[in-house]
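So the chains spell out like this:
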Amino acid sequence: WFLLSTRYEIHLLLHHFKKDLNDADRPSFTEKDLAWYYNRYFKKGWSLKNFNAKDVAGLVELIQDTLAVNEKTSFLEPVLAEDATPEAFVKL
């Protein structure tokens, strides 16, 4: 359940960040800012140790159906469309 909720929260975070910022030049943020924005949006702590991952690349391996890293810009990107339902995450 933990991984399921993390998938959904990261999905929401990335889509809402893009919508909130509304800046074509900065559609997302890099991995170094993930903990800060996660805490800002969800009022929860963030630690890669919870996923037994050393870095965001390790997390991406776990949830590659939800999270990707743009190779050119290093921005975190959602894999699923903004209108993906919670049921879609249960099926992953």
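Report follows, based on the coordinates.

Calculation rules
Residues numbered from 1 in each chain as written. Predicted model: local features only at pLDDT ≥ 70, side-chain atom pairs only at ≥ 80, totals over all residues. Heavy atoms only, no water. Helix = DSSP H or I, 4+ residues; strand = E, 2+ residues; numbered from the N terminus. Rg over C-alpha atoms; globule rule 2.2 N^0.38 Å. Contact = heavy atoms within 4.5 Å. Areas by Shrake-Rupley, 256 points an atom, 1.4 Å probe, with all protein chains shown as cover. Lys, Arg positive; Asp, Glu negative; His and termini not counted. Charge placed at Lys NZ, Arg CZ, Asp CG, Glu CD. Core = buried A, V, L, I, M, F, W, Y, C linked by side-chain atoms within 4.5 Å. Buried < 20%, exposed > 50% of the residue type's maximum accessible area, 1.4 Å probe, protein only.

**Some words on the overall build of the protein chain**
Within the protein chain, the secondary structure is distributed over four helices and two strands. Along the protein chain, helices and strands appear, N-terminal first, in the series α-α-α-β-β-α. Computed over its C-alpha atoms, the radius of gyration of the protein chain comes to 12 Å, within 12% of the 12 Å expected for a compact globule of 92 residues. On the principal axes, the C-alpha backbone points of the protein chain span a range of 35 × 30 × 30 Å. Considering only contacts within the protein chain whose residues lie at least 6 apart along the sequence, 55% involve residues at least 24 apart. Total accessible area computed for the protein chain in this model is approximately 6,200 Å², and 52% of it derives from carbon and sulfur atoms. Across the protein chain, 12 positive and 14 negative side-chain charges occur, with their mean positions spaced 5 Å apart.

**Section: the nonpolar core**
Counting 18 residues, the largest nonpolar core has Ile10, Phe29, Leu34, Trp46, Leu59, Leu67 and Leu76 as its most contacted members. Among the elements of the structure, helix H1 (2-21), helix H2 (34-42) and helix H3 (56-62) are those that each provide at least two residues to this core. When neighbours within four sequence positions are excluded, Trp46 is seen to be in contact with Thr6, Ile10, Leu34, Ala35, Tyr38, Phe51 and Leu59.

**Some thoughts on the environment of Leu80**
Along the chain, the position of Leu80 falls in the loop between strand S2 (76-78) and helix H4 (86-90). What makes Leu80 partly exposed here is its relative accessible area of 23%. Along the sequence, Leu80 and His15 sit 65 residues apart, while their C-alpha atoms lie 9.7 Å from each other. Setting aside residues no more than four positions away along its own chain, Leu80 makes contact with His11, His15, Asp65, Phe89 and Leu92.

Don't take any of this as a statement about function, it's just geometry.
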